[in-house]
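Residue-level structure breakdown
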Amino acid sequence: MTDKISSNISRTFQTKLVLPQDTNHMGTIFGGVVLAHIDEIAGITAMRHSKSTVVTASIDTVNFVSSAVVGDILFLEASIISTGRTSMEVYVKVETENLDTGKRTLTTNAITTMVAIDKNKKPIPVLGIIPETEEEKKLFAEASDRKRRRLSIKE
């Protein structure tokens, strides 16, 4: 498809509270909990872009930069950074906020690939994307390299 829409249209934000059941024996959030949050917001963002149901095709990159502890607030932001015929790459950034200082710190970032599907679970075409932020433009420019790497891993 040649039609493109702004990444701002499907940009999604979520806020989560880190609870005791989300943490490990060291008192920091489980990586799997963060991954679940990432998968959820990436799916929502891709659904908003494609106006359809989506499935996760891959979690391409996950960088755990810092941790979060009980009582921290997680801020998640997701946007579509590139599209294929039926697939969408979603960039997710997770930050934590210190309630005492208000300072935000990057905890995790990830790139996932979602595929739009119809009611018969068959892939369907999606609109292209117009990246808006400098970060999105950089990630958009690198999309073909990431796709090549994903395809080479499959072989």
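Residues numbered from 1 in each chain as written. Predicted model: local features only at pLDDT ≥ 70, side-chain atom pairs only at ≥ 80, totals over all residues. Heavy atoms only, no water.

Considering all chains together, one arrives at 0 aromatic pairs under this definition. When the ring centre of phenylalanine 75 is taken as reference, the NZ or CZ atom of arginine 104 above it lies at 3.6 Å. (Phe/Tyr/Trp six-rings, centres within 6.5 Å; stacked < 30°, edge-to-face > 60°. Lys NZ or Arg CZ within 6 Å of the ring centre and 35° of its normal.)

This part is about the sheet that holds strand β2 (residues 12–17). On the basis of which strands lie adjacent, the open sheet formed by 5 strands has the order β2-β4-β5-β6-β3 and antiparallel pairing. At either margin of the open sheet sits one strand with a lone partner, and together these are β2 and β3 (53–64). On average, adjacent strands in this sheet sit at an angle of 25° to one another, irrespective of strand direction. Each of β4 (73–83), β5 (87–97) and β6 (104–117) is contacted by helix α2 (residues 134–141), which is oriented at about 45° to β4, the strand it contacts most. (Pairing = 2+ DSSP bridges. Helix = DSSP H or I, 4+ residues; strand = E, 2+ residues; numbered from the N terminus. Axes fitted to C-alpha atoms, helices over the stretch in contact; angles between N-to-C directions. Contact = heavy atoms within 4.5 Å.)

Before going further, it helps to examine the environment of isoleucine 29. You can see isoleucine 29 is positioned in the loop between β2 and α1 (31–50). Judged by relative accessible area, isoleucine 29 falls into the buried class, the value being 9%. For the pair formed by isoleucine 29 and arginine 150, sequence separation is 121 residues and the distance between their alpha carbons is 28 Å. (Buried < 20%, exposed > 50% of the residue type's maximum accessible area, 1.4 Å probe, protein only.)

Keep in mind these values describe shape, not function.
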